[in-house]
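Report on the structure
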Amino acid sequence: MKGLILKELYLIKSFSKQYILLMVLMGVWSVFTHNIYFVAIYVMVLGSSMVLSTTSMDEAVAFHKFAVTMPVNVRALVKSKYAILFLTVGVGELLVWLLSAAVNLFPAEGMEVMEIEGMIVVGCLFLSANAVSIPVMFKVGVTKSRYTYLIVMGVIAGIMLGAYKISKLTGVSLDDMLKGREWALNLATVILAAVIAVTSYFISVKIVQKKEW
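What comes next is a walk through the structure. Remember, it's a predicted structure, so these values are computed and weren't measured experimentally. The residue numbers shown here count from 1 along each chain, following its written sequence. It should be noted that, the model being predicted, local features are given only for residues of pLDDT at least 70 and side-chain atom pairs only at 80 or more, the latter also being counted only at that level, while totals for whole chains, interfaces and linings use all residues. Calculation of side-chain values draws on the structure's entire complement of heavy atoms; hydrogens and water are dropped beforehand.

Before going further, it helps to examine the pattern of salt bridges. By definition, a salt bridge exists where a carboxyl oxygen of Asp or Glu is found within 4 Å of a side-chain nitrogen of Lys or Arg. Applying the stated criterion across every chain yields a total of four salt bridges. Salt-bridge contacts for Lys7 lead to Glu8; the nearest nitrogen and oxygen are separated by 2.6 Å. Of the two residues, Lys7 and Glu8, both sit in the buried class. Salt bridges linked by common partners bring Lys7, Glu8, Asp58 and Lys81 together as one network. Exposure categories follow from relative accessible area, calculated using a 1.4 Å probe and restricted to protein chains: below 20% of the type maximum is buried, above 50% is exposed, and the middle band is partly exposed.

Moving on: helix α3 (residues 37–48). Residues spaced three or four apart along an α-helix point in a common direction, a consequence of the helix completing one turn every 3.6 residues. Spanning twelve residues, α3 covers 16 Å between terminal C-alpha atoms, matching the ideal 16 Å at 1.5 Å per step. Helix and strand assignments follow DSSP, with helices taken as H or I runs no shorter than four residues and strands as E runs no shorter than two, numbered in order from the N terminus. Along α3, the residues classified as buried are Val39, Ala40, Val43, Met44, Leu46, Gly47 and Ser48. By this rule, a helix spans an expected 1.5 Å times one less than how many residues it contains.

What follows concerns helix α1 (residues 2–14). In this model, α1 (13 residues) spans 19 Å end to end at C-alpha, consistent with the 18 Å of a helix rising 1.5 Å per residue. Among all positions of α1, only Leu4, Lys7, Glu8, Leu11 and Ile12 are buried. Seen end-on, α1 carries its buried residues on one side only, within an arc spanning 135°. When the buried face of α1 is taken as reference, the exposed residues oriented beyond 90 degrees from it are Lys2, Gly3, Tyr10 and Lys13. Along the arc lie the directions from the helix axis toward the C-beta atoms.

Here, patches come from residues exposed beyond 30% relative accessible area and free of salt bridges, joined within 9 Å for like charges and within 5 Å for nonpolar side chains (Val, Leu, Ile, Met, Phe, Trp, Tyr). Note on areas: Shrake-Rupley with a 1.4 Å probe; residue coverage comes only from the protein chains shown. Taken together, the side chains of Leu6, Leu9, Tyr10, Leu87, Val91, Leu94, Leu95, Trp97 and Leu98 define a hydrophobic patch exposed on the protein surface, amounting to about 840 Å² of accessible area. No other element matches helix α6 (residues 74–105), which puts six residues into the nonpolar patch. Tracing the backbone shows Leu87 in helix α6.

Attention now moves to the packing of α1 against helix α4 (residues 50–60). Orientation is described by axes fitted as lines to C-alpha atoms, over the contacting stretch for helices, and by angles from 0 to 180 degrees between their N-to-C directions. Where α1 contacts α4, the axes come no closer than 10 Å and their chain directions differ by 95°. It follows from the interaxial angle that α1 and α4 lie roughly perpendicular. Here Lys7, Glu8, Leu11, Ile12 and Ser14 of α1 come into contact with α4, specifically with Met50, Thr54, Met57 and Asp58. For the contact of α1 with α4, the per-class residue count stands at four nonpolar, two polar and three charged. Each angle receives one of four descriptions, namely roughly parallel if under 35 degrees, roughly antiparallel if over 145, roughly perpendicular if within 65 to 115, and oblique otherwise. The contact rule is simple, with two residues in contact once any of their heavy atoms fall within 4.5 Å. Put simply, Ala, Val, Leu, Ile, Met, Phe, Trp, Tyr, Cys and Pro go in the nonpolar bin, Asp, Glu, Lys and Arg in the charged bin, and everything else, Gly too, in the polar bin.

The next thing to look at is the environment of Asn186. Within the secondary structure, Asn186 sits in helix α10 (residues 182–210). The sequence separation of Asn186 and Met119 amounts to 67 residues, and the corresponding C-alpha distance is 9.6 Å.

Right, let's get into the packing of aromatic side chains. For Phe, Tyr and Trp, where Trp contributes only its six-membered ring, two rings pair if their centres lie within 6.5 Å, and the inter-plane angle classes them as stacked under 30 degrees, edge-to-face over 60, or tilted in between. Within the structure shown, the criterion is met by two aromatic pairs. Judged by centre distance (5.7 Å) and plane angle (85°), the rings of Tyr82 and Tyr201 are edge-to-face. Highlighted residues: Tyr82 in helix α6 and Tyr201 in helix α10, separated in sequence by 119 residues. Look at Tyr201 and you get buried, because its relative accessible area is 12%. Geometrically, the ring pair formed by Tyr201 and Phe202 is edge-to-face, given 5.2 Å between the ring centres and 65° between the ring planes. Judged by relative accessible area, Phe202 falls into the partly exposed class, the value being 44%. Through a chain of ring-to-ring contacts, three or more aromatic side chains come together here, namely Tyr82, Tyr201 and Phe202. Over a ring means this: the NZ of a Lys or the CZ of an Arg is within 6 Å of the ring centre and within 35 degrees of the ring normal. Sitting above the plane of the Phe63 ring, Lys7 keeps its charged end 4.3 Å from the centroid.

As structure tokens, then:
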């Protein structure tokens, strides 16, 4: 298990310079646009997509065919991918928090800062979307898994847009509806993300157990 996680981290390291450069550029862009939400979302997109990126590299060298010849059980192979997913999403959350803290130290007029509640919800959404796509990744490959990820994110965006439209039609602001209930939204989002991740893991294990590499 440790060796598999180290392998994932070494793969991430191989393209980390490009990701860091993109994050710096997005951070500068956010300062100029006075909106931290853009870079926050971008950081989460980059971080949570690393599982698909490393698996794409695995497919290129047929790593899984080699892995099954080693004393590595199926659960360890699957767990390493979910461990990296949680790690990258967690690091993304930390980077967004640090950026928000830095902005608070040097407040700019009109700068929109993401609150901790929003960070939790965004992190859980990206975690859930990737968790849904991982079983597809093990079943039919990275390419179709990316389509699944995009579809799930599209559905989430559609739900959020629908809620916004309903609030406009009813004349009740979403902020007013959630005021004082942020903790409930965070708790519900975390529980839902945990259920999706656990369910996704067991489905992935069953798929890999039956898969002929």
